[in-house]
Amino acid sequence: MDKDHEVLLNAFVIAKKRYRVIYNTGILVWEEESSKKAKVTVPITDVLSVILSKHANGRQSLKRSKPPASARSKPHDAHDGSLDSDRIPVLSSSLSSTTTNTLATNSQSENRGSPDELSDRHEHSFYDSIRSASGNYLIIHYATLVCTKTCRWRVKSVALHNTEQRIVDNWYTRLSADLRDQNRPKNLLLFLNPYGGKKNALSLYERYAKPLFRLAEVDINLIITQRAQQIFDIVTSKSIALESYDGLVCCGGDGTVAELFNGLVNRTMTDLGLDVKHPPYLPKPNIPIGVIPAGSTDTVAYCLNGTTDIKTSIIHIILGQHSGLDIAAVYDASTVKEADPTDRSTKPRPQLLKLYASVLSYGYLGDIAYDSEKYRWMGPKRYEYSGFKKFMRNRGYNGEIVVHVDRNGKHDPDDGVRCVEKCSRCYGSVFGLPDGNTGNGSGSGSASQQTSEAIVINGKFLMVNGANISCSCERSPQGFSPFCHVGDGMLDLVIVRHTSFFNNLRLLLTMTSKRKKISDLPFVEIYRTKEFRFTAPQAESVGVSRWNCDGEVMIETNIIVESNCQLVNVFRRGIMAGTGQTAGGRPGEQSTTTSDALPIDDKGSSCFGLCK
């Protein structure tokens, strides 16, 4: 019988109670025989690992599911720029001096035994109860959404006991085979920034990430960075064979994420032989990236997952599902490479300055980033100090903005539609499918250009922001534009006019509100577009600001910004409809349904107030 149509149905003992356990078409269900209300449903896509535990005469034997031979890590020759059999990064002589601190984790011979090193306290009691018993157990670790309000996921465990070894072995073989078919990452290159945020990224990795990766049998090759732009230098260097990995992961703040995808796109352009300064187009890398938040705001992680919870991000990386993330490109409008006269297909291209994933800001936020560099000795407090100075000064900046918008008004930045899992707008943007709320996505190409018109905006501004995502975070739940999507190929141009000190105070209070949006303010304008151009006055007597690009200062003033639809793939599940970060919901889309009457780890079904 085909395993896709084979139904496994047996009775197991869970926490001294008999349960009917069914597995069919990738769905695992167990329900108490005496009460059908005590029912738990878990899809195979949410299962992290399956362990076969045998107890006899006080001895315990653990058998874990193993990845296929093609997915297992194997030793590499030192000359291919990858990792050797000891899982230590091998870099060229030009880069070895910059990577002064590397750690080898999860080697083939390291800690592949019991997963009782999970940090959660209930895991220890769970395995203690298993060791004290005798018989045959099938231990299943799975991920579940424990708090819809804060979008947090956790790993839970269930132990199925049956006296017949044949039945337990059959279930283990079937579940292990289906897990191997999930095509999950088994070999990751992880960059850790120990200086970002509260400077606790390494301790967070050791406490949360390392045990979870070990549980899922994911090999992690960890590089601890020691300076700015080191991730960019390593990724763009030929000394690292990126094809040897299933993904690139970074642990740090938004600046660390920006370094990673800037380096990855640059490396892809180099491999394809493109001009990295004046590329004719931006190629999409083949390898996905992962984000483990360990910064101060973690805007990118918050918009991707609806939370900055580190365990949630790690679980999404392990489960392996990924989707596209828009990346905006910033070009220097004053530096243009002339087109090749012999090739009519080429067009003049400006110089590529930077790629960003969250926001590009001119004016108030740009001044804060530029001024705070003088007070680095103050630590994170320098931003508050510089922000207070610039706020009290209430300086405005003249400029001209040319923004391309849809003349039919299909792209409304205040349409009330948030980006959630299986988002129709983001899906349609890739394939050029029409969407009832937003019209055609960026995948429609020339059709989109024919329906766009250029609008020229002049005046004095407090801020000019190009939001690639909603820019929501815990400090600003609504962000700059709450209805900006992560993969629709569009960005939201948020213009804040120069106004009174009182109105600026209203702006800051609105930014911290959970319900109010800055688009409701009369001096704020938002345009949904694929590109815009900003030009500052030529006169030197007129004050100019700097651009704040994902926290990094850019001195070039006159720029062109273009959105690139889903340029990189990111490990993420997306924000489920109906959770705390979305407006409204679609019932029935929650992938894991957990009953309040969970037999073994019922205490783990709540977040103990951690999600407040």
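Residues numbered from 1 in each chain as written. Predicted model: local features only at pLDDT ≥ 70, side-chain atom pairs only at ≥ 80, totals over all residues. Heavy atoms only, no water.

Draft legend 1. The overall build of the protein chain, seen in detail. Looking only at helices and strands, the protein chain has 13 helices and 26 strands in total. For the protein chain, buried positions account for 56% of its 612 residues. Considering only residue pairs separated by 6 or more positions, the protein chain has 74% of its internal contacts joining residues 24 or more positions apart. For the protein chain, the exposed area adds up to about 27,100 Å²; of that, 50% sits on carbon and sulfur atoms. (Helix = DSSP H or I, 4+ residues; strand = E, 2+ residues; numbered from the N terminus. Buried < 20%, exposed > 50% of the residue type's maximum accessible area, 1.4 Å probe, protein only. Contact = heavy atoms within 4.5 Å. Areas by Shrake-Rupley, 256 points an atom, 1.4 Å probe, with all protein chains shown as cover.)

Draft legend 2. Expanded view of the side chain of Lys 186. Summarising the element assignment, Lys 186 is placed in the loop between α3 (165-180) and β10 (187-192). Separated by 2.8 Å, the side chain of Lys 186 and the backbone oxygen of Ala 216 make a polar contact. (Polar contact = N/O pair within 3.5 Å; in protein donor to acceptor, adjacent residues only side chain to side chain.)

Draft legend 3. Quick look at a nonpolar patch on the surface. Taken together, Phe 388, Met 392 and Phe 501 make up a surface patch of nonpolar side chains, about 320 Å² in accessible area. Its place among the elements puts Met 392 in helix α10 (residues 381-393). (Patch = residues over 30% accessible without salt bridge, like charges linked within 9 Å, V, L, I, M, F, W, Y side chains within 5 Å. Salt bridge = Lys/Arg side-chain N within 4 Å of Asp/Glu carboxyl O.)

Draft legend 4. Up close: the nonpolar core. Counting 61 residues, the largest nonpolar core has Leu 248, Phe 261, Leu 325, Phe 480, Leu 507, Val 524 and Val 568 as the members making the most contacts within it. Here this core gets 7 residues from one element, more than from any other, and that element is helix α6 (residues 254-271). Those residues in contact with Val 524, other than ones at most four positions away along the chain, are Val 494, Ile 495, Val 496, Leu 507, Ile 518 and Ser 519. Core analysis: the next-biggest nonpolar cluster, separate from the first, contains 33 residues, Leu 145, Val 218, Ile 220 and Ile 314 among them. (Core = buried A, V, L, I, M, F, W, Y, C linked by side-chain atoms within 4.5 Å.)

Draft legend 5. Up close: the environment of Asp 275. Locating Asp 275 in the fold gives a position in the loop between α6 and β13 (289-293). With relative accessibility at 28%, the residue Asp 275 sits in the partly exposed group. Considered as a pair, Asp 275 and Gln 351 are 76 residues apart in the sequence and their alpha carbons are 10.0 Å apart. Of note is the side chain of Asp 275, whose polar atom sits 3.1 Å from the backbone nitrogen of Lys 277.

Draft legend 6. Expanded view of unusual backbone geometry. Positive phi values are uncommon outside glycine, yet Asp 550 reaches one of about 50°. Note on placement: Asp 550 falls in the loop between β24 (547-549) and β25 (552-554). Residue Asp 550 is classed as buried on the basis of its relative accessible area of 10%. Residue Gln 566 is not a glycine yet carries a positive backbone phi of 45°. One can find Gln 566 in strand β26 (residues 559-571).

Draft legend 7. Representation of the pattern of salt bridges in the model. Counting across every chain of the model gives 20 salt bridges. Note that Glu 562 is salt-bridged to Arg 349, the shortest N-O span being 3.9 Å. Of the two residues, Glu 562 is situated in strand β26 and Arg 349 in strand β15 (residues 349-356); the sequence distance between them amounts to 213 residues. The class for Arg 349 is buried, based on a relative accessible area of 18%.

Draft legend 8. Representation of α3 within the structure. Spanning 16 residues, α3 covers 22 Å between terminal C-alpha atoms, matching the ideal 22 Å at 1.5 Å per step. Among the residues of α3, Ile 167, Val 168, Trp 171, Tyr 172, Arg 174, Leu 175, Ser 176, Ala 177, Asp 178 and Leu 179 are the ones counted as buried. (Expected span 1.5 Å × (residues − 1).)

Draft legend 9. Just the packing of aromatic side chains, in detail. Taken as a whole and judged by the stated rule, the model has 7 aromatic pairs. Taking the centre distance of 5.9 Å and the plane angle of 70° together, the rings of Tyr 362 and Tyr 397 count as edge-to-face. Within this pair, whereas Tyr 362 is found in strand β16 (residues 359-363), its partner Tyr 397 is found in strand β17 (residues 397-406), the two being separated by 35 residues in sequence. Tyr 397 matches Tyr 362 in its accessibility class, with the two residues each being buried. (Phe/Tyr/Trp six-rings, centres within 6.5 Å; stacked < 30°, edge-to-face > 60°.)

Draft legend 10. Spotlight on the pairing of β13. Counting buried residues along β13, 5 of its 5 residues qualify, which places the element largely inside the surrounding structure. With burial as the criterion, each face of β13 is covered, one bearing Ile 289, Val 291 and Pro 293 and the other bearing Gly 290 and Ile 292. Where strand β12 (residues 247-252) meets β13, 5 bridges bridge the pair, whose relative direction is parallel. Paired with Gly 252 across the two strands is Pro 293, which belongs to β13. The handedness of the β12 to β13 crossover, carried by α6, is right-handed. (Pairing = 2+ DSSP bridges. Right-handed = clockwise from strand over helix to strand, strands pointing away.)

Draft legend 11. Just the pairing of strand β20 (residues 452-467), in detail. Strand direction decides the pairing type here: β16 and β20, joined by 5 bridges, are antiparallel. Its bridge partner lying in β20, Leu 360 is registered against Gly 466. Summarising the sheet, β17 and β20 pair through 10 bridges and their orientation is antiparallel. From the neighbouring strand, Val 402 faces β20, where its bridge partner is Val 456. As defined by bridge partners, β20 adjoins strand β21 (residues 491-497) across 6 bridges and the pair is classed as antiparallel. Its bridge partner being in β21, Phe 461 is matched across the sheet by Arg 497.

Distances and angles like these do not, on their own, reveal function.
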